[in-house]
Number of protein chains: 2
Amino acid sequence: MKKQKRFILSENEMPTQWYNIQADMPTKPMPPIHPQTREPLSAEDLSHIFAAECAKHELDQQHRWWNIPEPVLEKYRYYRSTPLVRAYALEQALGTPAHIYFKNESVNPLGSHKINSALPQCYYCKEEGTTNVTTETGAGQWGAALSYAAKIFGLECAVYQVKISMQQKPYRSSIMRTFGAAVTGSPSMSTRAGKDIITKDPNHPGSLGTAISEAIELATTTPHCKYTLGSVLNHVALHQTIIGLEAEKQMQMAGEYPDVVIACFGGGSNFGGIAFPFMRHNFSGERHTEFIAAEPESCPKLTRGKFCYDFGDTAGYTPLLPMFTLGHNFKPANIHAGGLRYHGAGVIISQLIKDGFMHGVDIPQLESFDAGMLFAQTEGIIPAPESNHAIAATIREALKCKQTGEEKVILFNLSGHGLIDMTAYDQFINGDLMNFAVTDEQIEAQLKTIV
Amino acid sequence: MKKQKRFILSENEMPTQWYNIQADMPTKPMPPIHPQTREPLSAEDLSHIFAAECAKHELDQQHRWWNIPEPVLEKYRYYRSTPLVRAYALEQALGTPAHIYFKNESVNPLGSHKINSALPQCYYCKEEGTTNVTTETGAGQWGAALSYAAKIFGLECAVYQVKISMQQKPYRSSIMRTFGAAVTGSPSMSTRAGKDIITKDPNHPGSLGTAISEAIELATTTPHCKYTLGSVLNHVALHQTIIGLEAEKQMQMAGEYPDVVIACFGGGSNFGGIAFPFMRHNFSGERHTEFIAAEPESCPKLTRGKFCYDFGDTAGYTPLLPMFTLGHNFKPANIHAGGLRYHGAGVIISQLIKDGFMHGVDIPQLESFDAGMLFAQTEGIIPAPESNHAIAATIREALKCKQTGEEKVILFNLSGHGLIDMTAYDQFINGDLMNFAVTDEQIEAQLKTIV
């Protein structure tokens, strides 16, 4: 019998609302607070930096569903639904009885899930009279997505790209320029924050923290300019729930429900995107799905970080956020999964971990590339180095099933493809990559710097 | 009213046969002939180089339909059907009343249509006891597709990549290596043909012609090794008709039928793939669709070449083929559309042009990138430099409609994405690209060298 491989929703089956997990969380996240006054911040406070509508999404704990604006839905229909795919070939290679599914966000324009939030953020900015948007980007996936979204909604776009990622993935800067964006390596001499960082450490490879500082400085010193963020924040995860809401319908088409949901973890946007819609059935007690966030061994905030208020950026421009963090000065190793080199976890995720609804696992760099190679050679898609962490965690679970004989249903999010990360694969194939474990002493030293 | 953007077939709606246009052609193509004996070649002759089943496909003029083997169908279902997309945003940017559709082959594994023929070729080789496959590749799209197909069907794979393309697109070699292929730049010192070429011209940038010579030499001097080709030949176009057969069903879903079908043109595989299934309704007189093959101005075999018997490769290892050609020693300019730098057109296409069923248009390099930039900024997909030629031809037709007010339905094939060709876009944005027209004298001189 022919086994169905891919599940795709028709346009009229597509979700028309995003899911706001905050409305259902048993313990609500604590608020962001002002670093000086230590007062909780309001949506109005946040709207000085972000689009007002996004600021509203950020703090809302009442509304379970937010309508996706029609102009955003129209652009979603350019590429969504993305396929839900049964990874038969991977299962066979592993010899596992597990059923492995992946949501293929790699076929999105620009090659990753990031576009799902770039579109609404730019749409709201445009609606509110903003003319310029700015942002940071690590591997460049977010910057590329924002550049395209800005172009189609008629906004100017300036991107600060983490310097080391810019060197590792020069094509991503070219992609951003193809959409008309101005791209600057961070830390740069174009902002006060950048100058301070370079002065202290001329060889600083950059991090999401440094790039965020520079982008926020540009936004707050430029008229009609708003800052946008591709991860970490609640409203970004909200927009990304389109992934999980589609996947839920598609799993129904497949006649299954996931026992385990896995995604890689940088700030939490692709994880929240696929996990939150399924997690609501855990809150209600109806389901008992396990949720696993796969972080790199070199940046282990979920498994070895501390839950406390910390800054989102290196310079301390952001509000203080209650999160699992390695300290905002944590300088991660130069692994190729640039999108996972962030010191903190999103506020919602941090609370969910604290409450035991999900957990993190650490993946060494070499294990992640082993997983990516196997996935490529079986399923034909070369994954982003970030996504390789989700695949590695999936393989671990599938091999457990092989031992126990359990036919678990595992769903992971393939957040993006790695066609622009071939330097990394080259180095892996040539044996030039290594693992970067972090010592307890290094973590202790960083955690001490948290205010 | 919500306008549908994408049309996707469910797995049970997918075509299960390929369409063999030779069965319906009013004038059958002339046979390939042996260069020495000048005798027509049989399928058995060809099977010394190619898989026997492919050799049979190549010469068959009887069977309108060939069943797609189930193991190939299974792998097609990993990514097919590809979406048929209505390019509303491009239409709007052009202000054209035309309805523009594109078949999005860029979402295939490895980013282009090439996989559609790589899978059956490797499947047949495996079935027939072959252990090694070899091939040439220009831009690297074919080599990447073959590397993956060889891996999943358990074959060793050796690829000769055109030297200039290898330098322009280093990531494509990495992709092939990720799938375990051995990659060599052509011309190389590893074959007699390569040595001869380098001896005459040490700076030879390589061409599909040189790489084919080397791959054929390797295949014919290695036991259990077959040669495979990604374009030009009839059986390759046969396999690619999956594109047009899907598109035909998808156009029905959209309630339209194309007045114009457009594809870029290197050897003819993506053109034949999308065009042939529609063209059969022209043969029957039922439809009067216009078919346009978009070739680069720098390699104008369709519009300025000569119809005659010529070699498929530089060294003269292949049979003589009846085709529009610029001469097998034609050395095309180093444009970025590496896949379009081939001196001849496929045998079927050549006959169809001769008989007036289709025609070519020449696209200058700068016009092709202008078109690609507009497409990226409207539809969100950065096209391969090859595909940009199809988009440029589409834009020409759409602008004609703007002048005449005609609501023509235009369908083009987006044969691949350009995410690995960002160097080309970078150079275009920086103003470092140029056009390469060919003079009549240059063409005359080359045509004289044809035997």
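See above for the structure.
This section reports on the structure supplied with the text. Please read all numbers here as calculations on a predicted model, not as lab measurements.

## Quick look at the overall build of chain A
Part 1 of the reasoning: Summing up its helical and strand segments, chain A has 18 helices and 15 strands in all.
Part 2 of the reasoning: The C-alpha atoms of chain A give 20 Å as radius of gyration, which agrees with the globular expectation for 451 residues (22 Å, within 12%).
Part 3 of the reasoning: Summarising its shape, the C-alpha atoms of chain A cover approximately 65 × 50 × 45 Å along the three principal directions.
Part 4 of the reasoning: Across the 451 residues of chain A, 69% fall into the buried class.
Part 5 of the reasoning: In chain A, 77% of the contacts between residues at least 6 apart in sequence involve partners at least 24 apart.
Part 6 of the reasoning: Of the roughly 14,500 Å² that chain A leaves accessible, carbon and sulfur atoms contribute 50%.
Part 7 of the reasoning: Considering chain A, the positive charge centre built from 38 side chains and the negative charge centre built from 46 side chains are found 2 Å apart.

## Some thoughts on the pattern of salt bridges
Part 1 of the reasoning: Under the counting rule described, the total for this entry stands at 32 salt bridges over all chains.
Part 2 of the reasoning: With a shortest N-O distance of 2.7 Å, Glu105(A) and Arg80(A) are connected by a salt bridge. In this pair, Glu105(A) is assigned in the loop between β5 (99–104) and α5 (115–127) and Arg80(A) in the loop between α3 (70–76) and β4 (84–86), connecting sequence segments 25 residues apart.
Part 3 of the reasoning: Classification of Glu105(A) as buried rests on a relative accessible area of 0%.
Part 4 of the reasoning: The shortest N-O distance in the salt bridge between Arg177(B) and Asp426(A) comes to 3.2 Å. Placement of the pair is Arg177(B) in helix α8 (residues 170–178) and Asp426(A) in helix α17 (residues 422–429), with the two residues belonging to separate chains.

## Comments concerning the pairing of strand β12 (residues 306–311) of chain B
All names here are of chain B.
Part 1 of the reasoning: Most of β12 is tucked away: five of the six residues are buried.
Part 2 of the reasoning: Here β12 runs beside strand β13 (residues 320–325); their pairing, made up of six bridges, is antiparallel. If you follow Lys306 over to β13, its bridge partner there is Thr325.

## Digging into the environment of Ile21(A)
Residue and element names in this part refer to chain A.
Part 1 of the reasoning: Relative to the assigned elements, Ile21 resides in the loop between β2 (17–19) and α1 (43–46).
Part 2 of the reasoning: What makes Ile21 buried here is its relative accessible area of 1%.
Part 3 of the reasoning: In this structure, the C-alpha to C-alpha distance between Ile21 and Cys125, residues 104 residues apart in sequence, is 24 Å.
Part 4 of the reasoning: Beyond its immediate chain neighbours, meaning those up to four positions away, Ile21 contacts Phe276, Met279, Phe283, Ile348 and Leu352.

## Focus: the sheet that holds strand β9 (residues 225–227) of chain B
All names here are of chain B.
Part 1 of the reasoning: Spatially, β8-β7-β6-β9 is the arrangement adopted by the four strands of the open sheet, whose pairing is parallel. The open sheet has two edge strands with one neighbour each: β8 (182–186) and β9. Strand-to-strand, the axes of this sheet are offset by a mean angle of 20°, without reference to chain direction.
Part 2 of the reasoning: Pairing of strand β7 (residues 156–162) with β8, which is carried by five bridges, proceeds in the parallel orientation. Paired with Val159 across the bridge in β8 is Val183.
Part 3 of the reasoning: Seen against the sheet, α8 touches β6 (132–137), β7 and β8 and runs at an angle of roughly 175° to β7.

## So, the relation of the copies chain A and chain B
Part 1 of the reasoning: Aligned on chain B, chain A shows an RMSD of 0.0 Å; the corresponding rotation is 180° and the shift along the axis is 0.0 Å. Here the two chains are linked by the operation of a two-fold rotation axis. Across chain A, the rotation axis passes nearest the C-alpha of Val107(A), at a separation of 2.8 Å.
Part 2 of the reasoning: Interface overlap between copies is the fraction of interface residues in one copy that are interface residues in the other; for chain A against chain B it reaches 100%, indicating a shared surface.

## Focus on the packing of aromatic side chains
Part 1 of the reasoning: All chains considered together, the criterion is met by 31 aromatic pairs over all chains.
Part 2 of the reasoning: For the ring pair Tyr19(B) and Trp65(B), a centre distance of 5.3 Å and an interplane angle of 50° mean the geometry is tilted. Of this pair, Tyr19(B) sits in strand β2 (residues 17–19) while Trp65(B) sits in strand β3 (residues 65–67), placing them 46 residues apart in sequence.
Part 3 of the reasoning: Using a relative accessible area of 1% as the deciding quantity, one classes Tyr19(B) as buried.
Part 4 of the reasoning: Among the aromatic side chains, those forming a connected cluster through ring pairs are Phe102(A), Phe375(A) and Phe412(A).
Part 5 of the reasoning: Lying over the aromatic face of Tyr78(B), Lys5(A) brings its terminal NZ or CZ to 3.4 Å of the ring centre.
Part 6 of the reasoning: Sitting over the ring of Tyr257(A), Arg287(A) keeps its end group 3.8 Å from the ring centre.

## Considerations on the layout of surface pockets
Part 1 of the reasoning: If you add up the space inside the largest pocket, you get close to 460 Å³.
Part 2 of the reasoning: What lines the largest pocket is a set of 25 residues, among which Ile8(A), Leu9(A), Ser10(A), Ile8(B) and Ser10(B) lie closest to the centre.
Part 3 of the reasoning: Only β1 (6–7) of chain A together with β1 (6–7) of chain B provide two or more residues apiece to the lining of the largest pocket.
Part 4 of the reasoning: Its residues assigned to classes, the lining of the largest pocket shows eight nonpolar, seven polar and 10 charged.

## Description of the state of the cysteines
Residue and element names in this part refer to chain A.
Part 1 of the reasoning: Applying the stated criterion across every chain, the model contains zero disulfides over all chains.
Part 2 of the reasoning: Its sulfur unpaired, Cys54 is 6.5 Å from the next cysteine sulfur, which belongs to Cys125.
Part 3 of the reasoning: The class of Cys54 is buried, set by a relative accessible area of 1%.

## Overview of empty space enclosed by the protein
Part 1 of the reasoning: Applying the stated criterion to the full structure yields 11 cavities of 30 Å³ or more.
Part 2 of the reasoning: Estimates place the volume of the largest cavity at around 580 Å³.
Part 3 of the reasoning: In terms of lining, the largest cavity is formed by 44 residues, of which the most central are Ser106(A), Val107(A), Ser106(B), Val107(B) and Asn108(B).
Part 4 of the reasoning: Elements with a contribution of two residues or more to the lining of the largest cavity: β5 of chain A together with β5 (99–104) of chain B.
Part 5 of the reasoning: Grouping the amino acids of the lining of the largest cavity by side-chain chemistry returns 24 nonpolar, 14 polar and six charged.

## A few points about the interface of chain A and chain B
Part 1 of the reasoning: At the interface, 47 residues of chain A touch 47 residues of chain B.
Part 2 of the reasoning: Across the interface of chain A and chain B, roughly 4,000 Å² is buried in total on both sides, 57% from carbon and sulfur atoms.
Part 3 of the reasoning: Among the residues of chain A in contact with chain B, Tyr78(A), Tyr171(A) and Thr178(A) are the three that bury the most area, contributing 18% of the side total.
Part 4 of the reasoning: Counting every contact that joins chain A to chain B gives two salt bridges.
Part 5 of the reasoning: The interface formed by chain A and chain B holds 20 residue pairs in polar contact (both at pLDDT 80 or more) in total.
Part 6 of the reasoning: Listing elements by their share of the side of chain A that touches chain B, those giving two or more residues are α4 (88–94), α6 (141–152), α8 (170–178), α15 (365–379) and α17 of chain A.
Part 7 of the reasoning: The element contributing the most residues to the side of chain A that touches chain B is α8(A), with six residues.
Part 8 of the reasoning: Looking at the side of chain A that touches chain B, its residues break down into 22 nonpolar, 12 polar and 13 charged.

Reading the values: the criteria
Residues numbered from 1 in each chain as written. Chains lettered and ligands numbered in written order. Predicted model: local features only at pLDDT ≥ 70, side-chain atom pairs only at ≥ 80, totals over all residues. Heavy atoms only, no water. Helix = DSSP H or I, 4+ residues; strand = E, 2+ residues; numbered from the N terminus. Rg over C-alpha atoms; globule rule 2.2 N^0.38 Å. Buried < 20%, exposed > 50% of the residue type's maximum accessible area, 1.4 Å probe, protein only. Contact = heavy atoms within 4.5 Å. Areas by Shrake-Rupley, 256 points an atom, 1.4 Å probe, with all protein chains shown as cover. Lys, Arg positive; Asp, Glu negative; His and termini not counted. Charge placed at Lys NZ, Arg CZ, Asp CG, Glu CD. Salt bridge = Lys/Arg side-chain N within 4 Å of Asp/Glu carboxyl O. Pairing = 2+ DSSP bridges. Axes fitted to C-alpha atoms, helices over the stretch in contact; angles between N-to-C directions. Least-squares fit on C-alpha atoms with pLDDT ≥ 70 in both. Phe/Tyr/Trp six-rings, centres within 6.5 Å; stacked < 30°, edge-to-face > 60°. Lys NZ or Arg CZ within 6 Å of the ring centre and 35° of its normal. 1 Å grid on protein atoms, 1.4 Å probe; cavity = no way out; pocket = protein on both sides within 12 Å on 5 of 7 lines; lining within 4 Å. Points joined across faces, edges and corners; volume = space filled by probe spheres on them. Nonpolar A, V, L, I, M, F, W, Y, C, P; charged D, E, K, R; others polar. Disulfide = S-S within 2.5 Å. Buried area = accessible area lost by both parts, 1.4 Å probe. Polar contact = N/O pair within 3.5 Å; in protein donor to acceptor, adjacent residues only side chain to side chain.

Structural measurements only, silent on function.
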